[in-house]
Amino acid sequence: SVLDAATGEVVQTLEATRPTEEFIVSNGTVLALVNKGKFDTGGFTPAFNTGDQRRVREERKFHWNQLPREIVAMDAATGEQRWKLQSKVAPLTLAADDDRVYFHDDQKVVCLDRQSGKPQWDSAPAGRRKDVTMNFGPKLVVHDGILLFAGGDRLMHAVDASTGKPLWEAPHAR
């Protein structure tokens, strides 16, 4: 749904975005990551007040299932669907700038044209940690034409946001 930020009232409901796992709103476009399949955390109930970090890690039940999702682009004002694309999308990697939409597809960073949803470039392989548990997410950020990706494998990648060409990579601590 699109809400009025001042009142919290529902302005309109975007049916094509149900059920949404993540969304961003950028320059009048709602970009929603829609999961039409099984939810990774469907059976999760917290067992402890102080957190379930160890339980999530050890039980190995609540991990990203790596199944395809839909990225759906909607006009925030009219509710009109602009485009949609089906792909694997790593949790918390959906990002956008004025011209493009980005995400990590489990192997590499993918860039789409913001207006059409058409693929523009794929990065060189950009790894991630073996298990993406529900309490962890790879990080993808775009700012001033530079895209940074850290997948939890202790390596950060920087690429040119317009071309996907690698700029640098460096190890980093936990």
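A. Structural detail: the overall build of the chain. Within the chain one finds one helix and 14 strands. The buried share of the chain, taken over its 174 residues, is 41%. For the chain, the proportion of contacts with a sequence separation of at least 24, taken over those separated by at least 6, is 39%. When the accessible area of the chain is evaluated, it comes to approximately 10,000 Å², of which 51% is carbon and sulfur surface.

B. Expanded view of the pairing of strand 10 (residues 119-122). In the sheet, strand 9 (residues 109-113) pairs with strand 10 via three bridges, with the strands oriented antiparallel. Looking at the pairing, C111 lines up with W121 of strand 10. Taking the residues that link successive antiparallel strands as the turn, the strand 9-strand 10 hairpin has five residues, and the phi of G117 there is positive, at about 80 degrees.

C. The arrangement of the environment of S87 in detail. Summarising the element assignment, S87 is placed in strand 6 (residues 81-87). Take S87: its relative accessible area is 17%, and that puts it in the buried class. Sequence separation between S87 and D106 is 19 residues, and the spatial gap between their C-alpha atoms is 9.7 Å. In contact with S87, not counting residues within four places along its chain, are P68, R69, F103 and D105.

D. How the structure looks around the pattern of salt bridges. Applying the stated criterion to the full structure yields six salt bridges. Among the ionic pairs, E21 bridges to R69, the shortest N-O distance being 2.9 Å. With E21 in strand 3 (residues 20-26) and R69 in strand 5 (residues 69-75), this pair connects stretches of sequence that are 48 residues apart. According to the relative accessible area criterion, E21 is partly exposed, its value standing at 30%. Here K88 makes a salt bridge to D106, at a shortest N to O gap of 3.6 Å. One end of the pair, K88, is in the loop between strand 6 and strand 7 (95-96); the other, D106, is in the loop between strand 8 (100-104) and strand 9, with 18 residues separating them in the sequence. K88 gets classed as partly exposed once you look at its relative accessible area, which sits at 32%.

E. Here's a closer look at the environment of G79. Tracing the chain through its elements places G79 in the loop between strand 5 and strand 6. Sequence separation between G79 and T13 is 66 residues; the distance between their C-alpha atoms is 7.7 Å.

F. Spotlight on the sheet that holds strand 13 (residues 155-160). What the four strands build is an open sheet, ordered 11-12-13-14; its pairing is antiparallel. Each having just a single partner strand, strand 11 (139-143) and strand 14 (166-171) make up the two edges of the open sheet. Averaged over all pairs of adjacent strands, the angle between strand axes in this sheet comes to 15 degrees, irrespective of strand direction. In the sheet, strand 13 pairs with strand 14 via five bridges, with the strands oriented antiparallel. Bridge assignment links A158 to a residue of strand 14, and that residue is W168.

What counts and how
- Residues numbered from 1 in each chain as written.
- Predicted model: local features only at pLDDT ≥ 70, side-chain atom pairs only at ≥ 80, totals over all residues.
- Heavy atoms only, no water.
- Helix = DSSP H or I, 4+ residues; strand = E, 2+ residues; numbered from the N terminus.
- Buried < 20%, exposed > 50% of the residue type's maximum accessible area, 1.4 Å probe, protein only.
- Contact = heavy atoms within 4.5 Å.
- Areas by Shrake-Rupley, 256 points an atom, 1.4 Å probe, with all protein chains shown as cover.
- Pairing = 2+ DSSP bridges.
- Salt bridge = Lys/Arg side-chain N within 4 Å of Asp/Glu carboxyl O.
- Axes fitted to C-alpha atoms, helices over the stretch in contact; angles between N-to-C directions.

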